[in-house]
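Given next are the chains, with one letter for each unit.
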Amino acid sequence: MSDEQEKPTTTTSTTTEETTPKEEAAAGGEEEEKVKEEESTATFEPVVKLEEVEVKSGEEDEEVVCSFRSKLFTFGETLLDKGTGNKTWKERGIGDA
């Protein structure tokens, strides 16, 4: 390695106050020029065309005999209590049964 290594140089510059177009328009009495936005005319075609498929869940022919609101709970350790043996009830969901 040589003793003469390139040292990074830093430069500082001062900026003058610049006015925005709105300030110039207000100062000069000129109206701000409005830019008209254009709508995109691009069209996209799907790469793969899929057909609509009828999906059966197996519950189509079933009849509801009794329905009620319920909550589902689990009993166990939480992530914070892992290994301490401290078990609590935790609500896992709510819905119709």
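Source: prediction; values computed, not measured.

S.K.: Any chance you could break down the overall build of the chain for me, citing the residues and the numbers?
M.R.: Counting its secondary structure elements, the chain contains one helix and two strands. Each helix and strand of the chain, placed in order from N terminus to C terminus, yields the pattern α-β-β. The proportion of buried residues among the 97 residues of the chain is 3%. Long-range contacts, defined as pairs at least 24 residues apart, comprise 28% of the intrachain contacts of the chain with a sequence gap of at least 6. Total accessible area on the chain is roughly 11200 Å²; 49% of this is exposed by carbon and sulfur atoms.

S.K.: Tell me about the side chain of Asp81, and name the residues and values.
M.R.: Within the element layout of this structure, Asp81 appears in the loop between β1 (69–76) and β2 (88–96). Lacking a salt bridge, the buried Asp81 has Lys90 as its closest oppositely charged neighbour, with an N-O distance of 10 Å. One polar contact links Asp81 to Asn86, side chain to side chain, over a distance of 3.4 Å.

S.K.: Pulling in residues and values, what's your account of the confidence of the model for the chain?
M.R.: Here the chain averages 76 in pLDDT, while 66% of its residues score no lower than 70. In the model of the chain, helix α1 (residues 21–28) stands out as the element of lowest mean pLDDT, 53, in contrast to β1, which has the highest, 92.

S.K.: Residues and numbers for the pattern of salt bridges, please.
M.R.: For the coordinates displayed, the defined rule picks out two salt bridges. With its nearest N and O atoms 3.7 Å apart, the salt bridge here joins Arg69 to Asp96. Placement of Arg69 in strand β1 and of Asp96 in strand β2 is noted, with a sequence separation of 27 residues between them. For Arg69, a relative accessible area of 59% gives the class exposed. When the shortest N-O distance is used, the salt bridge between Glu91 and Lys71 registers 3.8 Å. One end of the pair, Glu91, is in strand β2; the other, Lys71, is in strand β1, with 20 residues separating them in the sequence. Judged by relative accessible area, which is 41%, Glu91 ranks as partly exposed.

S.K.: Which residues make up a nonpolar patch on the surface, and what values do they have?
M.R.: Together, Val47, Val48 and Leu50 line one region of the surface with nonpolar side chains, adding up to about 400 Å² of accessible area. Along the chain, Leu50 falls in the loop between α1 and β1.

S.K.: Lay out a negative patch on the surface in plain terms, naming residues and giving numbers.
M.R.: On the surface, Glu54, Glu59, Glu60, Asp61 and Glu62 cluster together into a patch of negative charge. Relative to the helices and strands, Glu62 is located in the loop between α1 and β1.

Cut-offs applied
- Every chain is numbered on its own, with residues counted from 1 as its sequence reads.
- Predicted model: local features are reported for residues with pLDDT of at least 70 only, side-chain atom pairs are reported and counted for 80 or more only, and whole-chain, interface and lining totals are derived from all residues.
- Note that the side-chain values use all heavy atoms of the structure and ignore hydrogens as well as water.
- Each helix is a run of DSSP H or I of at least 4 residues and each strand a run of E of at least 2, with the numbering of both proceeding from the N terminus.
- Exposure is judged per residue with a 1.4 Å probe applied to protein chains only, and the accessible area is read against the type maximum: over 50% gives exposed, under 20% gives buried, and values in between give partly exposed.
- Any two residues having at least one pair of non-hydrogen atoms within 4.5 Å are treated as being in contact.
- Shrake-Rupley sampling with a 1.4 Å probe provides the accessible areas, and residues are treated as covered by the protein chains on show and by no other component.
- When charges are tallied, Lys and Arg are placed among the positive residues and Asp and Glu among the negative ones, while His and the ends of the chain are skipped.
- The salt bridge criterion pairs a side-chain nitrogen of Lys or Arg with a carboxyl oxygen of Asp or Glu, the two atoms within 4 Å.
- Here a polar contact means two N or O atoms within 3.5 Å. Within protein one must be a hydrogen donor candidate and the other an acceptor candidate, and residues neighboring in sequence count only if both atoms are side-chain atoms.
- As a per-residue measure, pLDDT tells how confident the predictor is, with possible values from 0 to 100.
- Exposure above 30% relative accessible area and the lack of any salt bridge qualify a residue for a patch; like charges then connect within 9 Å, and the nonpolar side chains Val, Leu, Ile, Met, Phe, Trp and Tyr within 5 Å.
- Think of each charge as sitting on NZ of Lys, CZ of Arg, CG of Asp or CD of Glu.

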